[in-house]
Amino acid sequence: MRMRIPVVLTLGFLLLTACRGPDAVGGSGRNTAQVVQGAEREIRGARVEQEVLKRKGEILRYQLRLLEEEQNRWEFSDVPERREQWRRTRAEFMVLLQDERVAEFRIREALQELWEAQDEATGWSQRYADAQREGNIDLAWPVDSIREISSSFLDPEYEERFGIPHEGIDIPVLQGTAVLAAADGVVRTVSDRGQGFNSFTLVHDDGLVTLYGHVSSFLVTEGQRVRHGDQIARSGGEPGTPGAGLLSTGQHLHFEVIIDGKHVDPLQYLP
Ligand SMILES: [Zn+2]
């Protein structure tokens, strides 16, 4: 309830800004539809954020469980640095479980970074909505999965756990696996704020947009042209590591496909 007034004011401001045309919005080049969509998203966002924060205890315990499972699964006890890192991360989670305010801050941080990246990706996709597409859209797998998909598109289990819809697929791969461009394109938004949801977006030549999330490091910069199969980043997702945020399903690549401003199931376009 506390959110209502600022949200309404923000909506008013954004609508006003939108009515003044795209030039008034500044250098980002976002059009009226995008700004209105951003305002709608903000209202929805405030509500959804409360849903996510309600689950913070469960989310933290789930991240901790994943961390423990991964230690057992990958047996890195013979690598001292990894063991030390694991101990530190585990201790940090213990602190977060005791400190609600910091936990809320961290979850909100990851959520905001995810939404901003998705808004940017959707914006790019809308800008190319009229692009001529010849024949079928073909994408290649950005990583080779080591197990079956750990979370599917709009997976109800994911939404139950985190309180938000899952607008992509989670492809399980070991931390640090090379992430490959799914098709030719240009690197657009690169988002790296350390401990949030690190991601980047590729705008492909036919206007299709792909988004790669929870990456632990980047091998390209914004504006760079890439060819299908080029290495563009390293995967992440292990709780407590850079880019994993607190909304991860373990070591994996989060992969989204956006066409004409809408998220679609990536499995429909992968071989
Ligand atoms: Zn995901």
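Residues numbered from 1 in each chain as written. Predicted model: local features only at pLDDT ≥ 70, side-chain atom pairs only at ≥ 80, totals over all residues.

Broken down by element type, the protein carries 6 helices and 10 strands. For the protein, the residues scored as buried account for 37% of the 271 residues in total. (Helix = DSSP H or I, 4+ residues; strand = E, 2+ residues; numbered from the N terminus. Buried ≥ 20, exposed ≤ 12 C-beta atoms within 10 Å, placed from the backbone.)

Our next topic: the pairing of strand 4 (residues 199–204). With 6 of 6 residues buried, strand 4 is to be regarded as a mostly interior element. By the alternation rule, side chains of strand 4 split into Ser-199, Thr-201 and Val-203 and Phe-200, Leu-202 and His-204, which are all buried. Sheet topology note: the strand 3 (residues 185–191)/strand 4 ladder contains 5 bridges and is antiparallel. Residue pairing for strand 4: Gly-185 is matched across the bridge by His-204. With 5 bridges joining them, strand 4 and strand 5 (residues 209–213) adopt antiparallel strand pairing. Each residue of the ladder has a partner; that of Val-203, found in strand 5, is Val-209. (Pairing = 2+ DSSP bridges.)

The strand order across the open sheet formed by 3 strands is 2-8-6, and the pairing between neighbours is antiparallel. Pairing within the sheet leaves two strands with one partner each, and these edge strands are strand 2 (178–180) and strand 6 (217–218). Relative to strand 8 (residues 231–234), strand 2 runs antiparallel, the two being bridged by 3 bridges. Bridging across to strand 8, Leu-180 finds its partner in Gln-231.

What follows concerns unusual backbone geometry. A positive phi is found at Leu-154, a non-glycine position, where the angle reads about 55 degrees. Relative to the elements of secondary structure, Leu-154 occurs in the loop between helix 5 (100–127) and helix 6 (156–162).

Before going further, it helps to spend a moment on the packing of helix 2 (residues 32–54) against helix 5. Two numbers describe how helix 2 lies on helix 5: the axes approach to 11 Å, and their chain directions differ by 155 degrees. The orientation of helix 2 relative to helix 5 falls into the category roughly antiparallel. The two elements helix 2 and helix 5 meet at a crossing, and its hand is right-handed. When helix 2 is examined against helix 5, the residues Ala-33, Gln-34, Gly-38, Arg-41, Gly-45, Glu-49, Val-52 and Leu-53 are found in contact with a partner set consisting of Glu-104, Ile-107, Arg-108, Leu-111, Trp-115, Asp-119, Gly-123 and Gln-126. Residues belonging to the contact of helix 2 with helix 5 are distributed by class as follows: 6 nonpolar, 5 polar and 5 charged. (Axes fitted to C-alpha atoms, helices over the stretch in contact; angles between N-to-C directions. Parallel < 35°, antiparallel > 145°, perpendicular 65-115°, else oblique. Left-handed = near helix turned anticlockwise from the far one by under 90°. Contact = placed C-beta atoms within 7 Å. Nonpolar A, V, L, I, M, F, W, Y, C, P; charged D, E, K, R; others polar.)

Another point: helix 2. Taking 1.5 Å per residue, 23 residues should reach 33 Å; helix 2 reaches 33 Å between its end C-alpha atoms and fits that length. Along helix 2, the largest kink reaches about 30 degrees and is centred on Gly-45. Along helix 2, the residues that are buried comprise Gln-34, Val-35, Gly-38 and Val-52. (Expected span 1.5 Å × (residues − 1). Bend = angle between axes of the 7 residues up to and from the residue.)

Glancing now at the environment of Arg-90. If you trace the backbone, Arg-90 turns up in helix 4 (residues 80–98). Of the residues examined, Arg-90 has 15 C-beta atoms within 10 Å and is grouped as partly exposed. When the C-alpha positions of Arg-90 and Glu-68 are compared, they lie 8.5 Å apart, and in sequence the two are 22 residues distant.

Attention now goes to the pairing of strand 5. Counting buried residues along strand 5, 5 of its 5 residues qualify, which places the element largely inside the surrounding structure. Burial of the side chains of strand 5 extends over both faces: Val-209, Leu-211 and Gly-213 are buried on one face and Thr-210 and Tyr-212 on the other. Direction of pairing for strand 5 relative to strand 9 (residues 253–259): antiparallel, over a ladder of 5 bridges. The residue bridging Leu-211 from the neighbouring strand is Glu-256, located in strand 9.

Turning our eyes to something else, we now look at the confidence of the model for the protein. Averaged over every residue, the pLDDT of the protein is 84; the share at 70 or more is 85%. Of all the helices and strands in the protein, helix 1 (residues 4–19) carries the lowest mean pLDDT, 41, while strand 2 carries the highest, 98. (pLDDT = per-residue confidence, 0-100.)

A few words now on the nonpolar core. Counting 45 residues, the largest nonpolar core has Ile-107, Ala-110, Val-179, Val-209, Tyr-212, Ala-233 and Leu-253 as its most contacted members. Per-element accounting of this core gives the leading share, 8 residues, to helix 5. Other than its neighbours up to four places away in sequence, Val-209 contacts Ala-121, Trp-124, Ser-125, Thr-201, Leu-202, Val-203 and Ile-258. (Core = buried A, V, L, I, M, F, W, Y, C linked by C-beta atoms within 7 Å.)

This paragraph deals with the environment of Val-203. By the secondary structure assignment, Val-203 is in strand 4. Leave out the neighbours within four places in its chain, and Val-203 touches Trp-124, Tyr-128, Gly-185, Val-186, Arg-188 and Val-209.

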